[in-house]
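Given next are the chains, with one letter for each unit.
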Amino acid sequence: MEHIRTTKVEHVKLLDRFSTSNKSLTGTLYLTATHLLFIDANQRETWILHHHIAAVEKLPLTTSGCPLVIQCKNFRIVHFVVPRERDCHDIYNSLLQLSKTAKYEDLYAFSYNPKQNESEQVKGWQLIDLAEEYKRMGVPNDYWQLSDANRDYKICETYPRELYVPRTASKPIIVGSSKFRSKGRFPVLSYYHKDKKAAICRCSQPLSGFSARCLEDEHMLQAISKANPSNRYMYVMDTRPKLNAMANRAAGKGYENEDNYSNIRFQFVGIENIHVMRSSLQKLLEVSGTKGLSVNDFLSGLENSGWLRHIKAVLDAAVFLVKAVAVESASVLVHCSDGWDRTSQVCSLGALLLDSYYRTIKGFMVLIEKDWISFGHKFSDRCCQLDGDPKEISPVFTQFLESVWNLTEQFPQAFEYNEAFLLQIHEHVHSCQFGNFLGNCQKEREELKLKEKTYSLWPFLLDEQKKYQNPLYKPSFSPNLTLLEPNTVSFNFKFWRNMYHQFDRSMHPRQSVYDLIMDMSEQNKQLEEDIKQLEAKIKQKSGQSDAVLLKERQQSAHPAPVMLKTPPCFKKDQPLIPLNDAVRTIEGSNAADNRYSEFMEELSKAEPAIVSLEYGVARMTC
Amino acid sequence: MEFSELIKTATVESVLLSCAGQPAVKGTLCITSHHLLLSSCPGGEGQPSAVELWLLIRNVDAVEKRVQNVGWYQPPRSSGSPRGNRLAGSSGTITLRCKDLKVLQLEIPGMEECLNIASSIEVSRAGVQRVGRSRWLPTVFALGLPLTWVNTQPLGCVCTGHPSCQTLWEEARMGFAERTFPAFLQLCSAVLQALSSVDSVMMMYPFFHRPQSLRLEEGWPRLPIEQHFQQIATKTTQWRLSDVNQDFAVCPTYPPAVIVPAAVSEETLRRAARFRQGGRFPVLSYYHTRNGTVMLRSGQPLTGPNRKRCPEDEMLLGSVLDEGERGFIIDTRSAQTAKQARMTGGGTEPKSSYPQWKRLHRPLERGRPLQESFIKLVEACNDASLGMDRWLGRLGGCRWLSHVKAALSTACLAAQCLDREESCVLVHGAEGTDTTLLVTALAQVILDPGCRTLKGFQELLEREWIQAGHPFHLRCARSAYSHARLKQEAPPLLPFPAKKKLSLLFLDCVWQLSRQFPFSLEFSEGLLLTLFDNAYASDYGTFLCNNEKERCLCKVKENTHSLWAWLDQPEERKKYLNPLYSPNLLVIWPSVEPQSIQLWQGMAGAAPGLSQPTWTACSSSACFPSCSRTQPR
């Protein structure tokens, strides 16, 4: 590639981000067309995808070399020290170029080749079938039908081709309503609750200004409320703060006037906009990235960033939505400004709380495909896949994942997937390695011919789903109702350490319970297999022996104790969990990794005189 | 003294009990001298099985009462209507805030019954202390006011009958020369407090509790210090068991047996003890097998403003180190506070007199600030209406997690000195009964795999907290809720002693370790919670009194059951085991970054704000509130 001048730099130091003693690893840095690779003296590899790089910074020259700090979109921060300034400059320039892509065709997904043949590729893309998903929800039915109005993206470019609308909503109503909605995003079905016959619908804000009305739009909403036989009232949720919505009226947009629409209940829920979220995350990262933080600085930094407040607001909105559906059997229409950020968050979380299917691995993929990808969440803009407007970047999807993570913490048995699954999805939303998240809407994706040129992420995740399974998952959890009712009091929201410090191993718990349980359940399965085999053998043998013996055996409660004494896979002296297994090692459990050691290192240096010890005391006491 | 006569109303029918996050239970309420009982009507009200609540009245921290329909109530003096007339529909609510942070609400039909019950609870709760006070107050003041009497016999005589009082008295006499009149009054109040506490100790429930499965005098740890020494003796001959404190004369808060350097004579120990606050001369706390280094603990040296020295103390510490070896003194106060302590007779080891020892100051919070921190934490946890920002602000503002981090890092520093620097360590703060024990105990959990087993942890608690003289009785007299009341009620002459949440802080730190090393501890969170509950109000005598001397005088071992014996029963033991435990012989170095320190929801979770919507129905035999711990679903 033309941007790469230096492909290999030796004797580069990788500094530990949180060590005050400037601990570092020395190794070689390689620059490839797609990745930055660091191999340390122990042959451990650190791969950084160019697309993951959010910012590169060259710090002032020091005695040991030229520091280069790379911040990634997956919250990894690496701090290299390159011995020669020239090399550093070259790498810096190359990375600046490589991390910014101008055209979709230059993204990694278009060159990534996972050695799948064409039919596998097609099959991979067919893994998630949204038509199938709507069937599962129970539509089309007597009240809801598939509309072909948007078949050629004529009514709304950012919606998918296939949309579900009330049977009573005729095409003129749809067209009229879409003209009255920002970006043409008229009310459509997002989730249908079979038992309550209530629907979650989504749209964008109406172009109502101060007084404008649209009869078709009013009909549309009436059609939605009439499509619910159990409650004739419907909720309209504006997920914005009231002030923002009012300000929009001046620009000819705004919100529904309760007087013009019959049988609606209007409600603001107050989630902030993408710009507030972006700066909130920025503040959060500044705090969590600070070295030598005290607990109070951390907590007040967390408070000032407002990040957890925003997460709570999103989840509170979803809880409101779920209450309307589950308690009042009412249909709900959700919108924000354009209906692709906050609306996606609230609709998808609402469905996740209502329907246990979305808490399975496959179901979660379907949910993301439906509410995020197909309904046009602008992944490309929000994740800055192409070099574009920095004001369009916002961690909306990250917030969704974090909300789900908070739910998994509150309901450890309710989800089939674990934290690693959420982290992996987050990784790939930014990696541009697979086609799923490229582009801003379905139309754009079709134009890019993603299904032919790139691969889908989901089959790869399904292949390694063992890694993503939650060992505590119980499908029978809350058997008669699939509804989750999270408690959204403030203390239940925690800082997601494994997301924002995923790569800072010294902060993680030193032993993983999940890994151990996974291992044990594997062994359990194996043992059960063995029992089955042995039982089969016994049956065979007893079949051969004479009938009298058989009778005796059947009478005894446990027919085969003799055989089971020496199961084949389980030697007597072998411990259940191998002691030297990777799971068992206590990673990073080292006094030198932790900050309480900083003074000690000071002291343990060869000190010739007592005077220098006094220096240590001074530092200790200050 | 029997309190039953003070109880106005003993039983009330159809009382509604509600506890956050649990279905309300209706039943019969009964108040005895030690317990509040509520037993539900079996089968009624859709209750699947009978539920019984047994609440130790000692567990009640604060009582609030509220009466409905007050407008209907006509006091007898104005109208003369018969008081017995029960007004239909009148009722009252009593809110009990417990020391283990649970909040129970009792809805009692009939206003009068409600007021009676509330006052009965108050009487049972506070009666002991009041009686104690009223009996001794005149005596002490009559005897105490002439200053010249202080050093003479009479007051001492009064005190002899009452062990903890005697302890205090001796302590006070030793440093009397510097005391002023206000200081003397303070001393009087301390004596009073001790008197009432001894009176009350003998009346407390553990002296009456007789579980069927246990026999008295069984299960009390036999000579824990001696056992500890047996283990050390197999590895080294440099230490010996000393019975210099046989009759608690040298140090009233030490156990009769202590482990000291073999080379040091009893006389030296006696003299060194006079140079340490409370006579707490340096003794061995932990022997690190890997490299033979040791951790010692003591009280602060009484250097005072004149920079007194004590050759015996210097010799005692010197004998621990070889020629050219270096040791560390970890002072749990800031350098500033340590220096200020000289004005009141305390101080630190000056470099000139202890050339081989290097002093490190690691200030740990103690006393009232720590108590306030805990109160603020519980208040914040109880306020479910807090928005996210206010919650984080208050969580930070209460500084509890900062204290956890500070305690962990100081313990790690001590552990690091031993394991990495291969140096001996002496830990002390001021009295050496609080933060000192926190650091030494925690460092042992980090270093010693033996302390991470269920049995080892019990032994550690017995050795480093109970035998080492952590004043449990004083520290655990009140919990988070009674704070507001005390502020108003505490008379200026009798300032209530600073209550410290150190044992709780210790449990929290151990919990943090268990989160970071989930396979390395043999016991589960359940044990930590049980210990937390029992430190405040217990059926067992283990946490009674302030030190071994008091325990001997109160005959705790003869007349109460040991908590350890109860926990060691197979079916109890099962509940407290960590199923994931697999022995880990390494040192466990925790991360002390703020991102790694978590709020212990299980502990704070007893506070109603944190309870989650479900709770599992408990069987009729189980104690009702103990099931209410928040469990993530």
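Residues numbered from 1 in each chain as written. Chains lettered and ligands numbered in written order. Predicted model: local features only at pLDDT ≥ 70, side-chain atom pairs only at ≥ 80, totals over all residues. Heavy atoms only, no water.

Assigned secondary structure in chain A consists of 24 helices and 14 strands. When each of the 622 residues of chain A is scored for burial, the buried share is 54%. Taking the contacts inside chain A whose residues are at least 6 apart along the sequence as the reference set, 70% of them involve residues at least 24 apart. Taken as a whole, chain A presents about 28500 Å² of accessible surface, with 51% of it coming from carbon and sulfur. (Helix = DSSP H or I, 4+ residues; strand = E, 2+ residues; numbered from the N terminus. Buried < 20%, exposed > 50% of the residue type's maximum accessible area, 1.4 Å probe, protein only. Contact = heavy atoms within 4.5 Å. Areas by Shrake-Rupley, 256 points an atom, 1.4 Å probe, with all protein chains shown as cover.)

Turning our attention to the environment of Gln-544 of chain A. Tracing the chain through its elements places Gln-544 of chain A in helix H20 (residues 513-544). Separated by 527 residues in the primary sequence, Gln-544 of chain A and Arg-17 of chain A have C-alpha atoms spaced 69 Å apart.

Before going further, it helps to examine the pairing of strand E11 (residues 198-203) of chain A. Residues and elements named next belong to chain A. Counting buried positions along E11 gives six out of six residues, so the element sits mostly inside the fold. Here E11 shows a buried face lined by Ala-198, Ile-200 and Arg-202 and a second buried face lined by Ala-199, Cys-201 and Cys-203. With antiparallel pairing between neighbouring strands as the criterion, strand E10 (residues 188-193) and E11 make up a hairpin whose turn holds four residues, including Lys-197 at a positive phi of roughly 55°. With four bridges connecting them, E11 and strand E14 (residues 331-335) associate as parallel partners. The partner of Cys-203 across the bridge, within E14, is His-335. (Pairing = 2+ DSSP bridges.)

Moving on: the sheet that holds strand E13 (residues 264-268) of chain A. All names here are of chain A. Strand order in the open sheet formed by five strands is E10-E11-E14-E12-E13, and the pairing between neighbours is mixed. Looking at which strands have only one partner, the edges of the open sheet turn out to be E10 and E13. Strand-to-strand twist in this sheet, taken as the mean axis angle between neighbours without regard to direction, amounts to 20°. Packed onto the sheet, helix H10 (residues 307-328) meets E10, E11, strand E12 (234-238), E13 and E14 and runs at close to 175° relative to E12. (Axes fitted to C-alpha atoms, helices over the stretch in contact; angles between N-to-C directions.)

Bringing the packing of helix H14 (residues 454-467) of chain B against helix H18 (residues 525-536) of chain B into the picture now. Residues and elements named next belong to chain B. Axis separation between H14 and H18 bottoms out at 12 Å; the angle between their running directions is 25°. The orientation of H14 with respect to H18, classified from their angle, is roughly parallel. The way H14 lies across H18 gives a crossing that is right-handed. The residues of H18 that touch H14, namely those facing Leu-454, Phe-457 and Leu-461, are Leu-527, Leu-528 and Leu-531. (Parallel < 35°, antiparallel > 145°, perpendicular 65-115°, else oblique. Left-handed = near helix turned anticlockwise from the far one by under 90°.)

All names here are of chain A. Per the domain assignment, the segments making up chain A are domain 1 (8-100) and domain 2 (123-506). On a C-alpha basis, the centroid separation for the pair domain 1 and domain 2 is 36 Å. Facing the twelve residues of domain 1 at the interface are 21 residues of domain 2. Carbon and sulfur atoms supply 59% of the area buried between domain 1 and domain 2, which totals about 1600 Å² over both sides. Joining domain 1 to domain 2, the criterion identifies zero salt bridges. Summed over the shared surface of domain 1 and domain 2, the result is four residue pairs in polar contact (both at pLDDT 80 or more). Here the side of domain 1 that touches domain 2 is composed, by residue class, of three nonpolar, five polar and four charged. (Domains from an automatic or database assignment. Buried area = accessible area lost by both parts, 1.4 Å probe. Salt bridge = Lys/Arg side-chain N within 4 Å of Asp/Glu carboxyl O. Polar contact = N/O pair within 3.5 Å; in protein donor to acceptor, adjacent residues only side chain to side chain. Nonpolar A, V, L, I, M, F, W, Y, C, P; charged D, E, K, R; others polar.)

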